[in-house]
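# A structural walkthrough
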Amino acid sequence: MLRSGQPLPGPNRRRCREDEALLGAVLDQGERGFVIDTRSAQAAKQARMSGGGTEPKSSYPHWRRLHRPLERGRPLQESFVRLVEACADPSLSMDRWLGRLESSRWLSHVKAALSTACLAAQCLDREGAKVLVHGAEGTDTTLLVTALAQVILDPACRTLVGFQGLLQREWIEAGHPFHLRCARSAYSHARLKQEAPLFLLFLDCVWQLSRQFPFSLEFGEHLLLTLFDNAYASAYGTFLCNNEKERSLCKVKESTHSLWAWLSQPEEQHKFLNPLYSPNALVIWPSVEPQSIQLWQGLFLRWIRPSQHLDEAWAEIQQLVQEN
Amino acid sequence: VENVRLLDRLSSRKAVLGTLYLTATHVIFVENGSETRKETWVLHSQISSIEKQATTATGCPLLIRCKNFQVIQLVIPQERDCHDVYISLIRLARPVKYEELYCFSFNPKLDKEEREQGWKLVDLTEEYNRMGVPNNYWQICDVNRDYGVCDSYPTEVYVPKSATAHIIVGSSKFRSRRRFPALSYYCKDNNASICRSSQPLSGFSARCLEDEQMLQAIRKANPGSNFIYVVDTRPKLNAMANRAAGKGYENEDNYSNIKFQFIGIENIHVMRNSLQKMLEVCELKSPSMSDFLWGLENSGWLKHIKAIMDAGIFIAKAVAEEGVSVLVHCSDGWDRTAQVCSVASLLLDPYYRTMKGLMVLIEKDWVSFGHKFNHRYGNLDGDPKEISPVIDQFIECVWQLMEQFPCAFEFNERFLIHIQHHIYSCQFGHFLCNSQKERRELKIQERTYSLWAQLWKNRANYLNPLYRSDHGQTQGTLHPQIAPCNFLYKFWSGMYNRFEKGLHPRQSVTDYLMAVKEETQQLEEELEVLGERLANLQKSQLGDNKVQSKQQDRSKQLRLSTSNNSLANTPQEYSNDLKSFPSWSPSQGDEEDSALILTQDNLKSSDPDLSANSDQESGVEDLSCRSPSGGGCLPSEDSGKDSDEAVFLAG
């Protein structure tokens, strides 16, 4: 599986031999690959006018392009804000709740993200084909898809250590602009242009997987919540800046502590483990039917819903497993 | 009929070829194929509707919808055959006599004494005693011993000490269907009680001294409070409309010391339509998130569930926190009243959250108090306007509470699903007829078997591993969050999409934890035995080896092999573009479901044959759990639990 930014044919349909050669080198003789473009066909076409575009069939004959539009940017942030508002609205009656939930479209985004990641995973696992994923910049929906696909496909990414490695690789080092994207979150009135909860969407999708496969992830909800918190505000330098270059310029490694180091301390680590974990060597294929996708109450209702009874239940589970 | 195809709902490409059989009690589809011979059994009683669809090139489609939400899609090659099957099923699914029902032919091979014992498992007199009645304030009343006063009430009801026979009879004449106020739940801590009745025949201005005295008697039976609540569970408009028909509700001016309250729960017709709409949403092919959520909201189903729950919460609060007695009624006092009283009791008393307790609760507030099972759930062919998912809603309220309070209930989701299944299956005699009187006339207890006994026998399958009787959650009253709380009500896909295995979490946490618990217990026992052995060895050199090795073997078998948790499952159809994918839908009907409906005649083995589906493509690894031999590896897939259902129905 590969990822990139969009190709730049532009309005004049420029070609780039090197790019074609690179993609050609990826495929074996006679093999076909899939390009998953996270923009709609129309958006991709329009991008050409401003210098971007898609891989034309003529130049990339062995690659088949699939469009799976995923929301990003301002609309995604709006979706997040609307959902948070709906959850916090005390005046909302039962016969309007679901409508409000729906009109935030957040769950639709979760469904779309999971479906696309599954599609990528299917290409690799079932078709044995190579996949290139890109959107526009290659820093948002692209990473969402590639990271999620790896959680689905690779049992190593479902271990605590493996998951951290995945985040480091596919989000942090791959250059997701955390500083811009995770600036003020949902309650801020300043609607920053660059703010968008892609990382949260990723964590939500991972939570959906953990719900559908309760034994297959070595970590639990607590880790996901902690990551969410730290992406926005952290005592650690892991999520600082927008890319490796900035981190290097700011001397992040020299002047801050790593979140991963803290998490891997034994006295902290056990809090993040899933007591039900049992390594599952196979691919986990989630159901993306609407009934299977649920609101992540642990995050969105975190301060609204008393969690006491559910915490007690988890404590019971932990105890049962430990006693054994 | 041969060469019939059974289609999968989610993936129309995946169809199985087999033979369709119609018997006196079941529809059976047997898959072709020498190895598998997988069977799907459907009881006629479960059939809700049959739809013959337009003939296509492949044959004549027939859609069977069941009351337990299973949907079976068949394609019959010849139109003539399809028509025959259709006509036959219509007749078979609409019995006219009770004797046609399955419970009269079901034979779990128990002797007469065992059958009798089964019926005695739930004893209501014992239950009232447990509550604390009869006592200084409450007495048994046998004025209805021949059903002379109210034919839909049981022979024994509990009434306030100060309610004489004269008052009771007088009050009954002033109540719809003669359903006078009677005790449903008594709280011995503070003497507050929940009573139930039907609406008074007050019209606009009629009064009845005895009825007013009856309510006063209820008030007097609780010295801790100088008033009672009267809760009418209907929407105000409906209740007012009833007044024009000579019925209505209690006027606070006429009844001294009552506080009257409407808690609007819609009527059976609204609920029937609501369920219908929700099921239509469930039948959508590849719905978007938007389709689903809007459809769910438009059905109003969760709103109704919440309304019932809110009513129960109000009553529980009145009893537990205010110490005030409550009289609950709706129109006839056998639908919404039953729902609301049982929910309130469940919130108030931890006993009802145990397995036995729930059985007792249903027996008390639904069976004994004359909920019209026959009319509501269509035992016999009747008026379709009487059909309504009333008890289904109560069962769902229990599930919603279980989701909010995971440690508070002794039983698990499967218990609820099986109860719901058997309310419609007519396999046992419990949920037949419309009243105790009718059941006695039909001699149900002598001619059929008890569901409670059957469930009790298999209670190991229904336990909630997180339940501990000494746990904080299990003590005292439950307090569900009142507001904001809309998000607490979830769509119950375990019930309404029960047979679509692909939609549910693939691994059953409940079963795993039960097995963990069991194994821990076994290990502890083993440890004890080994400890004794060590002590014995230290005393004498002659150790007895025989016993120990047996223990070890057993524990080896049960050792949780967590590596078996790995399972292969198949991808859903995520894309139409990749036509080359052999995407099998994950939602195949497993034989486990037919196992549910197995009669004991059909039992080939205690475990349904799961090895048939253990190849990678169909997505279920071979798991045999809880086979009576006690061995087997861990169920990590949903289907595993249903193998227990085969055992359960074996009797």
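As recorded in an unreviewed UniProt entry, chain B goes by MTMR7 protein and comes from Grallaria varia.

As annotated in an unreviewed UniProt entry, chain A is MTMR9 protein from Grallaria varia. Taken verbatim from the UniProt record of chain A, the Sequence similarities (unreviewed entry) comment is "Belongs to the protein-tyrosine phosphatase family. Non-receptor class myotubularin subfamily."

In this section: the overall build of chain A. Scanning chain A for helices and strands turns up 16 helices and four strands. The C-alpha radius of gyration of chain A comes to 21 Å, within 12% of the 20 Å expected for a compact globule of 324 residues. Its C-alpha atoms put chain A at 60 × 45 × 45 Å along the principal axes. A sequence separation of at least 24 residues applies to 78% of the contacts in chain A between residues at least 6 apart. Just so you have it, chain A exposes about 13900 Å², and 52% of that area is on carbon and sulfur atoms.

The subject of this paragraph is the sheet that holds strand β6 (residues 60–66) of chain B. Residues and elements named next belong to chain B. The strand order across the open sheet built from seven strands is β4-β3-β2-β1-β7-β6-β5, with neighbouring strands paired in antiparallel fashion. The two strands at the open ends of the sheet, each matched to only one other strand, are β4 (39–43) and β5 (47–52). The average undirected angle you get between the axes of adjacent strands in this sheet is 30 degrees. In terms of strand pairing, β6 meets strand β7 (residues 71–76) through six bridges, oriented antiparallel.

A few words now on the nonpolar core. Ranked by size, the top nonpolar core spans 216 residues in total, and within it Phe163, Phe202 and Phe300 of chain A carry the most contacts. For this core, the element with the most residues is helix α9 (residues 301–322) of chain B, which contributes twelve residues. The contact partners of Phe300 of chain A, leaving out residues within four places of it in the chain, are Phe80, Leu83, Val84, Cys87, Trp106, Leu200, Asp204 and Leu295 of chain A. Residues Ile47, Ile50, Leu62 and Leu74 of chain B belong to the second largest nonpolar core, which totals 20 residues.

With that out of the way, let us pick up the interface of chain A and chain B. Taken residue by residue, the interface counts 66 residues in chain A and 69 residues in chain B. Taken over both partners, the interface formed by chain A and chain B buries close to 5800 Å², and the fraction arising from carbon and sulfur atoms is 62%. When the buried area of chain A at its contact with chain B is split by residue, Met94, Phe215 and Gln291 of chain A rank highest and sum to 13% of it. For Glu316 of chain A, the salt bridge is made with Arg468 of chain B, and the minimal N-O distance between the two is 2.0 Å. Linking chain A with chain B are twelve residue pairs in polar contact (both at pLDDT 80 or more). In terms of residue class, the side of chain A that touches chain B is made up of 34 nonpolar, 17 polar and 15 charged.

This part covers the pattern of salt bridges. Residue and element names in this part refer to chain B. For the structure shown, the criterion picks out 39 salt bridges over all chains. Between Arg91 and Glu100 there is a salt bridge, with the nearest N and O atoms lying 3.5 Å from each other. What makes Glu100 partly exposed here is its relative accessible area of 30%. Residues Glu127 and Arg130 are paired through a salt bridge, measuring 3.0 Å at the closest nitrogen-oxygen approach.

Before going further, it helps to examine the environment of Leu192 of chain A. All names here are of chain A. Along the polypeptide, Leu192 turns up in the loop between α8 (178–181) and α9 (198–212). Residue Leu192 is classed as partly exposed on the basis of its relative accessible area of 33%. Remark: the alpha-carbon pair of Leu192 and Leu166, spanning 26 residues in sequence, is separated by 28 Å. If sequence neighbours within four positions are ignored, Leu192 has contacts with Arg74, Ala183 and Arg184.

Attention now moves to the UniProt feature "domain: Myotubularin phosphatase" (unreviewed entry) in chain A. UniProt marks residues 1–300 of chain A with the feature "domain: Myotubularin phosphatase" (unreviewed entry), using the numbering shown here. Regarding residues 1–300 of chain A, the helix share stands at 50% and the strand share at 6%, and the terminal C-alpha atoms are separated by 32 Å.

All names here are of chain A. Within the secondary structure, Val252 is located in helix α12 (residues 252–255). Remark: the alpha-carbon pair of Val252 and Leu240, spanning twelve residues in sequence, is separated by 7.8 Å. Ignoring anything within four residues of it in the chain, the contact list for Val252 reads Gly237, Leu240, Cys241 and Arg247.

As recorded in UniProt, the sites labelled "domain: Tyrosine specific protein phosphatases" (unreviewed entry) are residues 299–343 of chain B. With 69% helix and 9% strand, residues 299–343 of chain B has its two end C-alpha atoms placed 22 Å apart.

A word on the pairing of strand β4 (residues 130–134) of chain A. All names here are of chain A. By the criterion of burial, β4 is predominantly enclosed, with four of the five residues buried. As paired strands, strand β1 (residues 2–4) and β4 are joined by three bridges and run parallel to one another. Note that in β4 the partner of Arg3 across the bridge is Val133. Where strand β2 (residues 33–37) lies against β4, five bridges are found, and the strand directions are parallel. Pairing of Phe34 across the sheet is with Val131, part of β4.

Enumeration over the complete set of coordinates arrives at 46 aromatic pairs over all chains. A centroid spacing of 6.1 Å and a plane angle of 75 degrees characterise the contact between Trp97 of chain A and Phe487 of chain B, whose relative ring orientation is edge-to-face. A residue pair is termed interchain when its members come from two chains, as with Trp97 of chain A in helix α4 (residues 94–104) and Phe487 of chain B in the loop between α17 (451–457) and α18 (493–496). Accessibility expressed as a relative area gives 3% for Trp97 of chain A, which makes it buried.

Residue and element names in this part refer to chain B. At a minimum axis separation of 10 Å, helix α10 (residues 336–348) and helix α11 (residues 355–368) run at an interaxial angle of 150 degrees. The angle between α10 and α11 places the two elements in the roughly antiparallel class. Handedness of the α10/α11 crossing: right-handed. For the pair α10 and α11, the contacting residues are Ala338, Gln339, Cys341, Ser342, Ser345 and Leu346 in the first and Leu358, Leu361, Asp365 and Trp366 in the second. The residue inventory of the contact of α10 with α11, partitioned by class, reads six nonpolar, three polar and one charged.

With that out of the way, let us pick up the sheet that holds β4 of chain A. Two modes of strand pairing occur in sheets, parallel and antiparallel, and in both the strands are linked by backbone hydrogen bonds. Residue and element names in this part refer to chain A. Spatially, β1-β4-β2-β3 is the arrangement adopted by the four strands of the open sheet, whose pairing is parallel. Of all the strands in the sheet, the pair left with one neighbour each is β1 and β3 (63–67). Geometrically, the sheet is characterised by an average inter-axis angle of 25 degrees between neighbouring strands, direction not taken into account.

The next thing to look at is helix α8 (residues 289–299) of chain B. Within α8 of chain B, eight of the eleven residues are buried, which leaves the element mostly enclosed by the surrounding structure. Here α8 of chain B has its buried residues at Met289, Ser290, Phe292, Leu293, Gly295, Leu296, Glu297 and Ser299 of chain B. Elements that come into contact with the buried residues of α8 of chain B comprise α4 and α5 (106–125) of chain A together with α7 (268–282) and α9 of chain B. The positive-phi residue at the C-terminal boundary of α8 of chain B is Gly300 of chain B, with phi of around 75 degrees.

Analysis parameters
- Residues numbered from 1 in each chain as written.
- Chains lettered and ligands numbered in written order.
- Predicted model: local features only at pLDDT ≥ 70, side-chain atom pairs only at ≥ 80, totals over all residues.
- Heavy atoms only, no water.
- UniProt positions renumbered as here; feature names shortened; annotations may be inferred.
- Helix = DSSP H or I, 4+ residues; strand = E, 2+ residues; numbered from the N terminus.
- Rg over C-alpha atoms; globule rule 2.2 N^0.38 Å.
- Contact = heavy atoms within 4.5 Å.
- Areas by Shrake-Rupley, 256 points an atom, 1.4 Å probe, with all protein chains shown as cover.
- Pairing = 2+ DSSP bridges.
- Axes fitted to C-alpha atoms, helices over the stretch in contact; angles between N-to-C directions.
- Core = buried A, V, L, I, M, F, W, Y, C linked by side-chain atoms within 4.5 Å.
- Buried < 20%, exposed > 50% of the residue type's maximum accessible area, 1.4 Å probe, protein only.
- Buried area = accessible area lost by both parts, 1.4 Å probe.
- Salt bridge = Lys/Arg side-chain N within 4 Å of Asp/Glu carboxyl O.
- Polar contact = N/O pair within 3.5 Å; in protein donor to acceptor, adjacent residues only side chain to side chain.
- Nonpolar A, V, L, I, M, F, W, Y, C, P; charged D, E, K, R; others polar.
- Phe/Tyr/Trp six-rings, centres within 6.5 Å; stacked < 30°, edge-to-face > 60°.
- Parallel < 35°, antiparallel > 145°, perpendicular 65-115°, else oblique.
- Left-handed = near helix turned anticlockwise from the far one by under 90°.

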